[in-house]
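Overview (structure and organization)
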Amino acid sequence: MVPNSRKSTTAWLSLNSSTMMSKACFQTETIFDRSSGGGGGSDMANVAAKREISSAESEELSREAKRAKGDDKNGEESGNEPEWKNILSTFTTSSVLSDSAREKIMFLHGKIAGDEAVVVLEKTPIREDSLAELFKDSKLRLDMRNDIYSSYRLQAPPHLNEIKTTVVCPATEKHVKKYRRQESFLVEETGDDYRSITLPYVQQQSLSLQWVYNILEKKAEAERVVYDDPDPEVGFVLLPDLKWDQKQVDDLYLIAIARQKDIKSLRDLSSEHLPLLHNIFHKGKAAILERYNLPASKLRVYLHYQPSYYHLHVHFTKLGHDAPGCGVERAHLLADVIQNLQADPQFYRTRTLWFPLRADDGLLGRFKEAGRL
C-alpha cells in the first residue's frame, strides 16, 4: 500500500507560462485545457479520477515529501540548495500519469538527469490579500465580448502565478503506479478480516516511519510545528500538511501526530485511548483558533481508514475545503470515534469497516485471494 521510503525533493517554482481566466461584471467562466479533452463528460471523468487519486494518494504524496526532510542525513534538513534553484531544468517527460482540469493538477512521469522521477504540478489558490496587486499589475487580453459579458486571458505577475511542484526522485515503479489513474474498489473488512488479512499484510511491508519519528523528536520540520504537547501518553505534534501552502486559511490542512508509537490505525483504538483522543481533539482546535483565528465550528477533524501510513494521526481541515480523503468512504470524524469508544470500548476492533483500494494495491489482491471481494 505504501512504498518504502525513497529520497524525494519538494520545490515550489514560479512559472510564467500559465494563465488565469477572468470574467467581466464579476461573472465566472471555466476554460478547459485541450490536453484534458475539453467538454463536460471528459471533465467529469477527470474530476472522478482526481478524487480517486486524492483519496488514496495525495496524502501519500505528502508523506513522500516529508521523508525528503525526515530520512535524508539522519533527519537533518540539508537546506543547501538555493531557494530558486531549478532542479527541473533537466526533466524530460515520458508520460502524463493523470490530470484534472477542474482541480488544476497534473501528475507526470519522466527523468531528471537520468533518474526516474514523478513530478506533480498544482496551481495554487488565488489569495484575497493579493487581489489589488493582481488587478493592478496584470495584463489582459480580450477573448470575447457579447453585450454585458466579456472574457479575457489574464497574465498575472510571476510571483502571483506560482505552481506548487512536488518531485519524487529517484522514483520507483511503485511510485509510477501509485500516481497513474486507476480503477478503485470498495472493500468490506470485518474485525476478523483485519486480523487475518490486513494486519499480516501491513506487518510484511516493513514500512519506514523514521520521518514521523524525526518530527516527534524535533530532528526535522521543527520550525513548522504549530503546537507540541510532549506528554508521552496523550501528547502530539500539530503541524501543517505539505498539501497546504499556508498562504490562506480557506484550504487549511494540519496533521496531529500522536506521540504513542504503538497505535497503527483506527483498528487499534479502544477506550483506554480516550484521554489521547480528547487531548488531540480539544487542544488541536484551540491551537488552530489561536494561530489562525479559525473556530472549531469551521473545522473538520477526522481519521483515515485505511491510513496512508501506520502511525496514529488526525487530520484538521477547514470545513468547506474539499480535502483529499475527506469522503465518507475513508474519513471518520474524531467526535464520532470518541462517542463510539465511549459506548463500546472495543468498537473499532470488532466493527465492519469499508474503505477504497486501487486496482494495483497489494492489499486488494489479498482480499481477492481470501474470497472477500
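Parameters at a glance
Residues numbered from 1 in each chain as written. Predicted model: local features only at pLDDT ≥ 70, side-chain atom pairs only at ≥ 80, totals over all residues. Heavy atoms only, no water. 1 Å grid on protein atoms, 1.4 Å probe; cavity = no way out; pocket = protein on both sides within 12 Å on 5 of 7 lines; lining within 4 Å. Points joined across faces, edges and corners; volume = space filled by probe spheres on them. Nonpolar A, V, L, I, M, F, W, Y, C, P; charged D, E, K, R; others polar. Helix = DSSP H or I, 4+ residues; strand = E, 2+ residues; numbered from the N terminus. Buried < 20%, exposed > 50% of the residue type's maximum accessible area, 1.4 Å probe, protein only. Contact = heavy atoms within 4.5 Å. Core = buried A, V, L, I, M, F, W, Y, C linked by side-chain atoms within 4.5 Å. Salt bridge = Lys/Arg side-chain N within 4 Å of Asp/Glu carboxyl O. Expected span 1.5 Å × (residues − 1). Axes fitted to C-alpha atoms, helices over the stretch in contact; angles between N-to-C directions. Parallel < 35°, antiparallel > 145°, perpendicular 65-115°, else oblique. Left-handed = near helix turned anticlockwise from the far one by under 90°.

**Here we look at empty space enclosed by the protein**
Inspection of the entire model under this criterion finds 2 cavities of 30 Å³ or more. Taken as a whole, the largest cavity holds about 150 Å³ of empty space. In this structure, the largest cavity is lined by 15 residues; those nearest its centre are Thr 124, Pro 125, Ile 126, Arg 127 and Leu 160. Partitioning the lining of the largest cavity into residue classes produces 5 nonpolar, 5 polar and 5 charged. Along its surface, the second largest cavity is lined by Lys 264, Ser 265, Leu 266, Leu 303, His 304, Pro 307, Tyr 309, His 311, Leu 312 and His 313. For the lining of the second largest cavity, a count of residues per class yields 5 nonpolar, 4 polar and 1 charged.

**Concerning the environment of Gly 235**
The residue Gly 235 is located in the loop between strand E10 (227-229) and strand E11 (236-240) in this model. Given a relative accessible area of 0%, Gly 235 falls into the buried group. As a C-alpha pair, Gly 235 and Ala 258 span 23 residues in sequence and 6.3 Å in three-dimensional space. Every residue in contact with Gly 235, bar those within four places of it in the chain, is listed here: Asp 229, Ala 258, Arg 259, Leu 276 and Asn 279.

**So, the nonpolar core**
With 60 residues, the main nonpolar core has Leu 238, Leu 254, Leu 269, Ile 288, Phe 316, Leu 334 and Val 337 as its most contacted residues. Ranked by residue count, the leading element in this core is helix H6 (residues 274-292), at 8 residues. Once residues lying within four places of it in the same chain are set aside, the contact partners of Leu 254 are Val 226, Leu 238, Leu 239, Pro 240, Asp 241, Trp 244, Ile 288, Tyr 292, Val 314, His 315 and Phe 316.

**Focus on the pattern of salt bridges**
Applying the stated criterion across every chain, the model contains 16 salt bridges. Measuring nitrogen to oxygen at the nearest pair gives 2.9 Å for the salt bridge that ties Asp 241 to Lys 243. For Arg 358, the salt bridge identified is with Asp 360, shortest N-O distance 3.6 Å. Judged by relative accessible area, which is 6%, Arg 358 ranks as buried. Each member of the salt-bridge network shares a partner with another, and the members are Glu 217, Lys 219 and Lys 261.

**A few points about helix H4 (residues 191-205)**
Taking 1.5 Å as the rise per residue, H4 with 15 residues should run 21 Å; its terminal C-alpha atoms sit 20 Å apart, in good agreement. All of the buried residues along H4 are Gly 191, Asp 193, Tyr 194, Ile 197, Thr 198, Leu 199, Tyr 201 and Val 202. Its buried side turned inward, H4 meets strand E9 (184-189), helix H8 (347-350) and helix H9 (362-369). Once H4 finishes, Ser 206 follows within two positions and takes phi at roughly 50 degrees, a positive value.

**Let's talk about H6**
Counted at 1.5 Å a residue, the expected span for H6 with its 19 residues is 27 Å, and the 26 Å between its end C-alpha atoms agrees. At its buried positions, H6 is contacted by E10, E11, strand E12 (253-258), strand E13 (299-304), strand E14 (313-318) and helix H7 (334-343). Just downstream of H6, Asn 293 is the residue with a positive phi angle, here 55 degrees.

**As for the packing of H6 against H7**
Packed helices, taken two at a time, are described by their axes: the angle between them and the distance between them. With their axes 10 Å apart at the nearest point, H6 and H7 run at an angle of 155 degrees to one another. Overall, the two elements H6 and H7 adopt an arrangement that is roughly antiparallel. Crossing handedness for the pair H6 and H7: left-handed. Two secondary-structure elements touch here, H6 through Leu 274, Leu 277, His 278, Ile 280 and Phe 281 and H7 through Leu 334, Ala 335, Val 337, Ile 338, Leu 341 and Gln 342. A per-class count over the contact of H6 with H7 returns 9 nonpolar, 2 polar and no charged.

Everything listed is a geometric property; what it means functionally is a separate question.
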